[in-house]
Amino acid sequence: MTAAALLLAYAAALAVLGPRLLDRAAWTAGAPRLAIGTWFATAGSFLLAVVLAGVVIVVPLEVHHGAGGEFVWHCLRELREHYGTVGGTALAAAAVVLMCAAPARLAASLAVVLREARRERGRLRRGLAGLPVEPESGAVVVAGERPAAYCLPDRGGLIVLTSGAVSMLDREQLRAVVAHERAHLRGHHHRLAAVAEAAGRGFGRLPLFARLPERIGHLVELAADDAAARAVGSRVLAKSLLEVAAAQAPGGALAASGGDTVARIERLLRRPAAPGPAGIGTILGGNLAALAVPLLIVAAPVVTAVGVACCRI
Amino acid sequence: MRRLGELEAAVMDVLWSAPGPLTVRGVLGLLAREPELAYTTVMTVLDNLHRKDVVTRERVGRAWAYRPALAREEFDAEAMASVLESAADRGATLMRFIGKIPPEELAQLRALMDEDRR
């Protein structure tokens, strides 16, 4: 039981403290892609810990004498002593739920998110078919005074500009907007957003997952900004963002996509320092450690058990 | 918002197919609907469409005559902009260039931008 309790405690700590630590980390604005990786590593580590907690309860319960060789039986008997000896179907059922429920739930909500997105994108594509194309960028132009730009993934991706954006922005600014949208498509950002959205829908009661969709949404905007800034310069991009933002209807609803525009413009003008090689190493090491902890909690008794079983034969 | 309800779409179909402006009576006569709609219903729909700037109107005698503000193709293209907008509001289907902007922060950002130039 110790291992299961440890795993669940670790998962709970990740779910509550993980997002707080990540939100406080100053390096995330300077290294958005690394931050995306860290959010997902934290979420993945949580799921791994929960699934393994189920496994370590189930495995000892399922032991049957003579099921395998003598060595395996000794090994499993040792494991049983370490992991717990409490029997009963209730526990087994709870363990199976732990083991299967989280991945099943994630898979189910991912299926829903992807199906919805596919249907809606199909609808949008039909609506956009046959509309005029801006020659320089290949973006589809829809009539609309308010300047806006979108990208529609799948099938090579499609960039959409409103006629308001085309007439308001100069050539360079338009290039910045298109470079930003292209970066989304090239980076497959919609996939990251879909997974985050699915995890948020599946486990939204936990702070880690409740914040995931919005944080990933913002971080992919930062990543796309970086790519566009490399192509056209961060000042031009900041100017385009500001121009487009200024032309929006005041008091508009909070947007699900697009990230926090104010933070993005400030970041482009102030250029926060990205972590150096040592910093990147530390962050990657931290991610690996977060993923390794559940495995280590499980592995410790296994190592002991194998050792003891070897001695007994 | 530029999206039309079912009844509004039917009324617009009539107006787009008509060679010139139509009064409420005229729209009612061309609307092939069973059971026939009440005069006041069509009047309300046209009034709403006028308020949304989808149709324009002019006095013809004592009645209003309505005509579409945009050709059907133009209207469809423009409706697409609001469809995209609402899709982006809902979630992960498509990505949008910018998101939330509290208006009071714009001035601040402009100042920051000018400062940066110096």
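On a predicted model such as this, the values are computed, not experimentally measured, just so you know.

Undergrad: How should I be thinking about the overall build of chain B in this particular structure?
TA: Secondary structure assignment for chain B yields five helices and four strands. Order of helices (α) and strands (β) in chain B, N terminus to C terminus: α-β-α-α-β-β-α-β-α. Within chain B, buried positions represent 39% of all 118 residues. A separation threshold of at least 6 residues defines the contact pool for chain B, and within that pool the share at least 24 residues apart is 48%. Looking at chain B as shown, the accessible area adds up to about 6,700 Å², and 51% of this sits on carbon and sulfur atoms.

Undergrad: Looking at this structure, how should I read the pattern of salt bridges?
TA: Here the idea is simple: oppositely charged side chains can pair when their charged atoms come close. All names here are of chain A. Using the criterion set out here, one finds 18 salt bridges over all chains in the structure. In this structure, the salt-bridge partner of Asp-23 is Arg-215, at a minimum N-O distance of 2.7 Å. With Asp-23 in helix H1 (residues 2-24) and Arg-215 in helix H8 (residues 207-232), this pair connects stretches of sequence that are 192 residues apart. A residue is classified by how much of its surface remains accessible, and Asp-23, at 35% relative accessible area, is partly exposed. Where salt bridges share partners, they join Asp-23, Arg-211, Glu-214 and Arg-215 into one cluster.

Undergrad: Would you explain the packing of H8(A) against helix H9 (residues 234-246) of chain A in this entry?
TA: The relative placement of two packed helices is expressed as an angle between their axes plus a distance between the axes. Residue and element names in this part refer to chain A. The interhelical angle for the contact between H8 and H9, taken along N-to-C directions, is 120 degrees, at an axis separation of 7 Å. Between H8 and H9, the angle falls in the class oblique. Between H8, through Asp-225, Ala-228, Ala-229 and Val-232, and H9, the contact on the second element is made entirely by Ser-234, Val-236, Leu-237 and Leu-241. Of the residues that constitute the contact of H8 with H9, the class distribution is six nonpolar, one polar and one charged.

Undergrad: Quick question: what am I supposed to make of the confidence of the model for chain A here?
TA: Any segment with low pLDDT has predicted coordinates that should not be analysed in fine detail. Mean pLDDT over chain A works out to 85, with 86% of the residues at or above the 70 mark. Under a pLDDT of 50 for its full length, residues 62-68 of chain A has, in the predicted model, six contacts with residues more than four places off or in other chains.

The rules behind each value
- Residues numbered from 1 in each chain as written.
- Chains lettered and ligands numbered in written order.
- Predicted model: local features only at pLDDT ≥ 70, side-chain atom pairs only at ≥ 80, totals over all residues.
- Heavy atoms only, no water.
- Helix = DSSP H or I, 4+ residues; strand = E, 2+ residues; numbered from the N terminus.
- Buried < 20%, exposed > 50% of the residue type's maximum accessible area, 1.4 Å probe, protein only.
- Contact = heavy atoms within 4.5 Å.
- Areas by Shrake-Rupley, 256 points an atom, 1.4 Å probe, with all protein chains shown as cover.
- Salt bridge = Lys/Arg side-chain N within 4 Å of Asp/Glu carboxyl O.
- Axes fitted to C-alpha atoms, helices over the stretch in contact; angles between N-to-C directions.
- Parallel < 35°, antiparallel > 145°, perpendicular 65-115°, else oblique.
- Nonpolar A, V, L, I, M, F, W, Y, C, P; charged D, E, K, R; others polar.
- pLDDT = per-residue confidence, 0-100.

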